[in-house]
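# Coordinates in review
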Amino acid sequence: MLAGILAALLATLFARAFAEPQIDLAIGVEQSHSAHHMSAPHGGGSTVSEPEEEVVSRSTQKGAGLLTALALYGAAVGGIFAIVFAYGYGRFGAIGPRSLALLMAGLVFLLVVVVPAIKYPQTPPAVGKHETVGLRTAAYFAMIALSLGAAAIAGKVRAALASRSGRGFDATLLALGAYAAIVGLGQLLLPTIDEVPADFPATLLWNFRIASIATQLLMWTTIGIAFGLWAERVLKRQRG
Amino acid sequence: MATTAGLFDDSFIPVQGGAAIPVEDIAPWAVLGTLLALIFLYFVSTEQGAFALFQGTYVHEFVHDGRHLLGFPCH
């Protein structure tokens, strides 16, 4: 019976987490997106990014393609988010569902988006060489894995220190230091990639990266808030 | 009189049967969900970029904008 309730709970959480980012992103993203693409044509070597013959038209890429990409991404991270939430809820103190969801989303945004972007920032079309895409992909995923791994280690460090010394605040500071040290070391060791063409406009690059990070921020904020609301409802219903 | 509410003032609601959901109940969902998620992520991020299961560049071009915008490496 418990499994049945849990199944329903997770399924609903899933559905919400799947659907919500898609709806909101379609709107929010389209704006930031069109902003960067309107500026792309006079962005120097932007033609480099387009293949000789267009396999998929720009309008399809902008509309359905972008929506599909973000929807799949949202569904994927939403699904994982639901699982982690189901595990974490009630395991990290008596934090309410909405608070936990929002805190988690904020943490993920920091760990998966912001920290890797310091080393490997988002690149607009026309930046980056074809030959190095394998290396860049590997390095990028390694950076995300490193960030998550370092966070897991930091969490363990905090738990161990807090239970031994009983000083939660100091333990948190040390854990944050451990995270920064691991990530810093990893960023030093991972290969540097500098493939921005010399004539690529700096403002366009900046705008693109801002738009990209804003997209992610919107996505994670939406997941955090919507998921929390939905989880609260489900939890109240199964109790009442 | 206390008129200020806490920053995070939603209260903890216990899950039926205990404070937390048992790991055994989560595990099957976790396996299924992670697998699905990885497949989704693969197609959005890497297919026909660094690796290719299908010939051509259709998948790549189709999700191209999203790939750039989400920060995945791309040409």
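Residues numbered from 1 in each chain as written. Chains lettered and ligands numbered in written order. Predicted model: local features only at pLDDT ≥ 70, side-chain atom pairs only at ≥ 80, totals over all residues. Heavy atoms only, no water.

## Observations concerning the overall build of chain A
- Within chain A, the secondary structure is distributed over six helices and zero strands.
- Secondary structure elements of chain A, listed N to C terminal, follow the sequence α-α-α-α-α-α.
- Taken across its 240 residues, chain A has 45% of its residues classed as buried.
- Expressed as a percentage of contacts within chain A between residues at least 6 apart in sequence, the contacts between residues at least 24 apart total 82%.
- For chain A, the exposed surface amounts to about 11700 Å²; the carbon and sulfur share of it is 70%. (Helix = DSSP H or I, 4+ residues; strand = E, 2+ residues; numbered from the N terminus. Buried < 20%, exposed > 50% of the residue type's maximum accessible area, 1.4 Å probe, protein only. Contact = heavy atoms within 4.5 Å. Areas by Shrake-Rupley, 256 points an atom, 1.4 Å probe, with all protein chains shown as cover.)

## Things to note about the nonpolar core
- In this structure, Tyr73(A), Phe81(A), Phe85(A), Tyr89(A), Tyr179(A), Trp220(A) and Phe227(A) are the most contacted members of the largest nonpolar core, which totals 53 residues.
- Sorting the residues of this core by element identifies α2 (58–88), α3 (97–119), α4 (133–165), α5 (168–189) and α6 (202–239) of chain A together with α1 (23–45) and α3 (64–70) of chain B as the ones contributing at least two each.
- The residues touching Tyr73(A), leaving out its near neighbours within four places in the chain, are Gln216(A), Met219(A), Leu41(B), Val44(B), Leu70(B) and Phe72(B).
- Of all hydrophobic cores here, the second largest spans five residues; its members include Ala126(A), Val127(A), Leu204(A) and Leu205(A). (Core = buried A, V, L, I, M, F, W, Y, C linked by side-chain atoms within 4.5 Å.)

## Some details on the pattern of salt bridges
Residues and elements named next belong to chain A.
- Scanning all chains against the criterion turns up three salt bridges over all chains.
- Close ionic contact of Glu232 with Lys236 constitutes a salt bridge, the shortest N to O distance being 3.9 Å. You can see Glu232 and its partner Lys236 sitting in helix α6, four residues apart, about one turn around the helix.
- In this structure Glu232 comes out as buried when scored by relative accessible area, which is 15%.
- Judged by its relative accessible area of 46%, Lys236 is partly exposed. (Salt bridge = Lys/Arg side-chain N within 4 Å of Asp/Glu carboxyl O.)

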